[in-house]
Amino acid sequence: MNSPRQPPGPLLLAFAVVLSLIFCVQHAWGQPALNALNAVSITIPEDFVNLNLHRVLNLASPGIVREETTVVVGGTRKDGSGEQHYYLGFKEEVADASLAFLEVKEKKGGQLEVTKSKLDGKKSIQYYKVELAKPLKEGDEVTVVITATYTHLVKAFPKEIPQLGKQMLEFRDNVYFFSPYKSEKQKTTLKISSEIVSLREEPHPVTRSQGAIVYGPYTDVAPLSYAQLYVHYVNSKAILVAKTLHRKMEISHWGGQLAVQEDYELHHNGAKLKGQFSRTDFTVTQRMHDHTNVVKLLTVTLPPKAHNPFFRDIIGNVSTSRFRNERSRSVLELRPRYPLYGGWKYTWHHGYHVPLDGFLKKNQKAGQYVLRVPFIGGLPDVTIEKAIVSIALPEGATNIKVSTPFSLDKLTNTTTYTYLDTLGHPTVILEKRNVVDEYAVPITITYDYSSVSLLQKPLAVSVAILLLFALSALYTRLDLAIIKDPKVEIAAKLDVHRRVVQQVAVEEKRLLGKLVAAFDTFRSTKEVENYKEILLQVENAVKSGWAKLSETARSADVTDASYAERVRKLQQLKSERLNKMKTIQSEIVQFLTVDAKDGIERSKKKAIMESMDKHEVEMKQLDAQIDALAKSVGR
């Protein structure tokens, strides 16, 4: 018998209860609740103090906030060891969604390395670690400049405005520099040149001047201090956001050109248009458009010597554009098919060609090509939510290495195929989210490319053309018909017969001409042996042609009896013509050689002349019959 089942132990029951609780929490509160339960609090050692700090926020661009903070950092360690890692703090939601660019430099030195570091889950603070040039101990200090760029922090308020309404924006931030270290002295300057609707003027002191608002200076500011900064102001510039930018570049060593195409999906994220769009009002109020957030023109800066520009959208080519070359740049002005108001979007792509020598150099020592191209193009003050840059290198490029002055979200190597490719173009695809103008810096790609690879395309073209000719020749000789047409076969055979008849006629004409020339020579020189020799040669050659006609007539009996009969008739007339010629020429030979020795009687001479005239008439009749018949049986 089987033993009875034992009840579960208390340890197993406790484990089951915990799993059930986790399952319930996850479905009731979602994953963020679980993250909050697992959140860890981070403590940053107070190894530094901000001796003096000046923070400048620039709101000149409507959708992008640029911050430059100058900090005099002092060391606090008294053990003499010093600390080299200086931390910056950002609210987690700002670091994830808004922080687009971060750079730290020494004021009198070079750029410092910045890496994403610890996350304080309890306080929702994301820390970034700065590697100072040297450790700082108590009494040491260094001045650093922190540059940060933020997106999606400026919002339109009100969210909807009429077609001719003024756009107003609001900006919220922290009055203090959000630092994990104590600040002995700091102030914040807000640069804003437009009309201010409302402003939170706390904590004191807050002073206004032309184009700027100054908060502070404040002393003895505690770590991670926060006081809300709020400003509501007028700004008629559009908040432009590119949901995607696909920048495609293709290198041609043969043409010495760099082909560039940029695909945009551009959204206007400013105050939305309230109500319906009126084309009449838009046309009548042209002079007032500068005071609204409408976008009528997009100006793209291109490299100098750019040429062959194009501008197309989903409908087709857009002719409302202007292009000009200047000394230090080229400018492409794009006018969309319709004005762009808040809440609207426009999708298009533009492109151009530029000489390759301005971007590609060859390292003679390493034997490698070095390509330096900008990561993004020249449409300023646009937030790019996702930038995809694909660079197609020449076919046959190897040992490809990519170097960027910033981190990437994704780097992919693939192959792109175009016309007459054999191996395809090695293609590097770089992806990054939340991209701003600060990323319009060169990226470097090195690769090997041999002279043999340079001949790959011409060889491929040559082989393709030869194959095309070979296939064409083969196709013309193939009979692909399942059932052959008897009429077509008969016509093909008759065409062969006509070619034979034509060839015989041409050859016979040449031979008879040769005989006439020999006869004329005889009449001048009276050398009869030479004439007789040529006559024999011509007669044998002509009869050989007649044999071909006889063979042709026999073959044609099966396909077309009437045609065969005409060929035989032609052969008969040709035989009569040759006999007539021989008769005429033999009488004249007899007259000039034999009778001339014995003396020529006047009556006999007259008879010979009458005979020649008769034969001449008969010869003309034969020639006419032969020509008419030859046209019906020849080509």
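Residues numbered from 1 in each chain as written. Predicted model: local features only at pLDDT ≥ 70, side-chain atom pairs only at ≥ 80, totals over all residues. Heavy atoms only, no water.

Here the focus is the environment of leucine 169. Here leucine 169 shows up in strand β10 (residues 168–174). C-alpha separation for the pair leucine 169 and glycine 89, spaced 80 residues apart in sequence, amounts to 26 Å. Other than its neighbours up to four places away in sequence, leucine 169 contacts Pro62, Val154, Lys155, Ala156, Phe157, Val231, His232, Tyr233, Asn235 and Ile239. (Helix = DSSP H or I, 4+ residues; strand = E, 2+ residues; numbered from the N terminus. Contact = heavy atoms within 4.5 Å.)

Right, let's talk about the pairing of strand β22 (residues 330–334) for a bit. The element β22 is largely enclosed, with a buried count of 5 among its 5 residues. Side chains of β22 alternate between two faces, with Ser330, Leu332 and Leu334 and Val331 and Glu333 buried alike. Examined bridge by bridge, strand β19 (residues 298–302) and β22 share 5 bridges and lie antiparallel to one another. Within β22, the residue paired with leucine 302 across the bridge is serine 330. As defined by bridge partners, strand β21 (residues 321–325) adjoins β22 across 5 bridges and the pair is classed as antiparallel. (Buried < 20%, exposed > 50% of the residue type's maximum accessible area, 1.4 Å probe, protein only. Pairing = 2+ DSSP bridges.)

Together, Leu471, Leu474, Tyr475, Leu478 and Leu480 line one region of the surface with nonpolar side chains, adding up to about 570 Å² of accessible area. Considering the arrangement of structural elements, one finds leucine 471 in helix α6 (residues 456–477). By relative accessible area, leucine 471 is classed as exposed at 56%. (Patch = residues over 30% accessible without salt bridge, like charges linked within 9 Å, V, L, I, M, F, W, Y side chains within 5 Å. Areas by Shrake-Rupley, 256 points an atom, 1.4 Å probe, with all protein chains shown as cover. Salt bridge = Lys/Arg side-chain N within 4 Å of Asp/Glu carboxyl O.)

The next thing to look at is the packing of aromatic side chains. The tally for this structure, following the rule as stated, stands at 22 aromatic pairs. Centre to centre, the rings of tyrosine 338 and tyrosine 346 are 5.3 Å apart; their planes meet at 90°, and the pair counts as edge-to-face. Ring centres 5.1 Å apart and planes at 70° place the aromatic pair phenylalanine 375 and phenylalanine 406 in the edge-to-face group. Here phenylalanine 406 lies in the loop between β27 (398–403) and β28 (410–416) and phenylalanine 375 lies in the loop between β25 (368–374) and β26 (382–392), a separation of 31 residues in the sequence. A relative accessible area of 13% means that phenylalanine 406 is categorised as buried. Three or more aromatic residues joined by ring pairs form one cluster here, namely Tyr264, Phe277, Phe282, Tyr338, Tyr341, Trp344, Tyr346 and Trp348. (Phe/Tyr/Trp six-rings, centres within 6.5 Å; stacked < 30°, edge-to-face > 60°.)

A separate point is the sheet that holds strand β29 (residues 425–435). With respect to topology, 7 strands assemble into an open sheet ordered β20-β23-β17-β16-β26-β29-β28, the strand pairing being mixed. Looking at the sheet topology across the chains shown, the edges are occupied by β20 (307–313) and β28. Going from strand to strand, the sheet's axes swing by 15° on average, the running direction of each strand aside. Pairing of strand β16 (residues 240–252) with strand β17 (residues 257–268), which is carried by 12 bridges, proceeds in the antiparallel orientation. For methionine 249, the partnering residue across the bridge sits in β17 and is valine 260. (Axes fitted to C-alpha atoms, helices over the stretch in contact; angles between N-to-C directions.)

What follows concerns the sheet that holds strand β15 (residues 228–234). Ordered in space as β8-β10-β15-β12, the 4 strands form an open sheet in which the pairing is antiparallel. This sheet does not close on itself; its edge strands, each paired only once, are β8 (154–156) and β12 (196–199). When the angles between neighbouring strand axes are averaged without regard to direction, this sheet yields 20°.

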